[in-house]
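One letter stands for each residue in the lines below.
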Amino acid sequence: VESEEQVAAEDGAKESGPLPKDVKRSLIFILMSVSFWFIAYNAVTTAFSRYVGEVWGLEGGGYADCLMIATVAAIISYIPIGAISSKIGRKKTILIGIVLLGSCFLAAGLYNTYHWTMVIFFALIGFAWASIGVNSYPMVVEMSKAGDVGKYTGLYYTFSMAAQVITPILSGALLEHVGYRTLFPYAVAFSALAFITMSMVKHGDSKPVKKKDLLENLDVED
């Protein structure tokens with residue numbers, strides 16, 4: 001008769017190990033997507049202060065309002081986005097967020113001077129970023145086996161942090177050697193790449209269970 005320890009060990013083995021090929025393929029594509037959208041978003045947030053001075057001639061820290069609005073919009077959007085994801089699924093919500101993000105970057109790049117309507121675009125950027133962030137990590141966890149959640153969590157943050165290190169260098173080189181007008185086209189290009197790779201993801205797209213109470217949406221499950 002097997003001991004409890006042996007049974008537990010066997011159960012643990014079943015809950016860890018290599019992923020099936022099709023799931024692994026989806027994991028690779030979503031990790032690529034994570035890198036691409038962080039490269040796009042962080043390029044803008046990192047270089048925006050220089051951009052508004054060089055292209056829009058805005059001084060005195062007025063640009064900070066746009067970034068603050070994007071942050072506030074993202075925070076406000078978390079709970080509504082959770083409800084949207086529970087109806088249409090995580091993947092569709094992310095894809096909508098990527099399209100919105102890229103479209104707003106494209107629109108912002110067309111401005112020659114600062115205009116108050118830029119506030120609207122940055123509010124939408126915040127909503128788009130929240131749509132992506134709320135759903136991408138849970139999709140990675142959904143693909144991983146129970147015993148390997150920590151491993152794939154590490155992969156998720158490795159790709160996101162590496163992108164945040166790379167993008168100031170890459171976009172900075174373009175700004176310096178080509179021109180500041182390259183900032184938003186750069187962000188649009190990587191948003192498009194993120195959309196393409198995210199479209200290739202075929203797993204991890206379960207619909208989150210809608211919480212009964214509004215405050216339950218703020219809970220973080222173990």
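The shown structure was predicted, so the numbers you read here are calculated from the model rather than taken from an experiment.

Here is what the cut-offs are and how they apply
Residues numbered from 1 in each chain as written. Predicted model: local features only at pLDDT ≥ 70, side-chain atom pairs only at ≥ 80, totals over all residues. Heavy atoms only, no water. Helix = DSSP H or I, 4+ residues; strand = E, 2+ residues; numbered from the N terminus. Buried < 20%, exposed > 50% of the residue type's maximum accessible area, 1.4 Å probe, protein only. Expected span 1.5 Å × (residues − 1). Bend = angle between axes of the 7 residues up to and from the residue. 1 Å grid on protein atoms, 1.4 Å probe; cavity = no way out; pocket = protein on both sides within 12 Å on 5 of 7 lines; lining within 4 Å. Points joined across faces, edges and corners; volume = space filled by probe spheres on them. Nonpolar A, V, L, I, M, F, W, Y, C, P; charged D, E, K, R; others polar. Axes fitted to C-alpha atoms, helices over the stretch in contact; angles between N-to-C directions. Parallel < 35°, antiparallel > 145°, perpendicular 65-115°, else oblique. Left-handed = near helix turned anticlockwise from the far one by under 90°. Contact = heavy atoms within 4.5 Å. Phe/Tyr/Trp six-rings, centres within 6.5 Å; stacked < 30°, edge-to-face > 60°.

Undergrad: Before we move on, can you summarise the overall build of the chain with the specific residues and values?
TA: A count of helical and extended segments in the chain gives 7 helices and 0 strands. When the 222 residues of the chain are sorted by exposure, 39% land in the buried category.

Undergrad: Can you tell me about helix H2 (residues 21-56), naming the residues and giving the values?
TA: For H2, which comprises 36 residues, the first-to-last C-alpha distance of 49 Å matches the rise-based estimate of 52 Å (1.5 Å per residue) to within 8%. At Phe48, H2 shows its largest kink, close to 60 degrees. Phi turns positive, to about 65 degrees, at Gly57, one or two residues after H2.

Undergrad: Outline the layout of surface pockets, listing residues and values.
TA: By volume, the second largest pocket amounts to about 180 Å³. By residue class, the composition of the lining of the second largest pocket is 9 nonpolar, 4 polar and no charged.

Undergrad: Now, about the packing of helix H3 (residues 64-88) against helix H5 (residues 118-143): what can you tell me, with residues and values included?
TA: Any two packed helices are characterised by the angle at which their axes cross and by the distance between the axes. Axis separation between H3 and H5 bottoms out at 6 Å; the angle between their running directions is 45 degrees. Classified by the interaxial angle, the pair formed by H3 and H5 is oblique. The interaxial crossing formed by H3 with H5 has right-handed handedness. For the pair H3 and H5, the contacting residues are Cys66, Leu67, Ile69, Ala70, Ala73, Ala74, Ser77, Tyr78, Ile81, Ile84 and Ser85 in the first and Met118, Val119, Phe122, Ala123, Gly126, Phe127, Ala130, Ser131, Val134 and Asn135 in the second. Of the residues contributing to the contact of H3 with H5, the split by class is 16 nonpolar, 5 polar and no charged.

Undergrad: Now, about the packing of H5 against helix H6 (residues 149-177): what can you tell me, with residues and values included?
TA: Put simply, H5 and H6 touch, their axes get as near as 9 Å, and they point 140 degrees apart. Crossing geometry of H5 relative to H6 is assigned as right-handed. Contact residues: H5 offers Ser136, Tyr137, Val140 and Val141, while H6 offers Val149, Tyr152, Thr153, Tyr156 and Tyr157.

Undergrad: Kindly report on the environment of Thr153, identifying the contributing residues and their values.
TA: Along the chain, the position of Thr153 falls in helix H6. Take Thr153: its relative accessible area is 17%, and that puts it in the buried class. Spatially, the C-alpha atom of Thr153 lies 9.6 Å from that of Pro138, the residues being 15 residues apart in sequence.

Undergrad: Run through the environment of Val34, naming residues and quoting values.
TA: Mapped onto the fold, Val34 is located in helix H2. In contact with Val34, other than residues within four places in its own chain, are Tyr156, Phe159 and Ser160.

Undergrad: Outline the packing of aromatic side chains, listing residues and values.
TA: Applying the stated criterion across every chain yields a total of 14 aromatic pairs. Aromatic side chains Tyr156 and Tyr157 sit 5.1 Å apart centroid to centroid with 85 degrees between the ring planes, which places their arrangement in the edge-to-face category. Taking relative accessible area as the criterion, Tyr156 reaches 6% and is therefore assigned buried. Relative accessible area serves as the criterion here: at 45%, Tyr157 is assigned to the partly exposed category.

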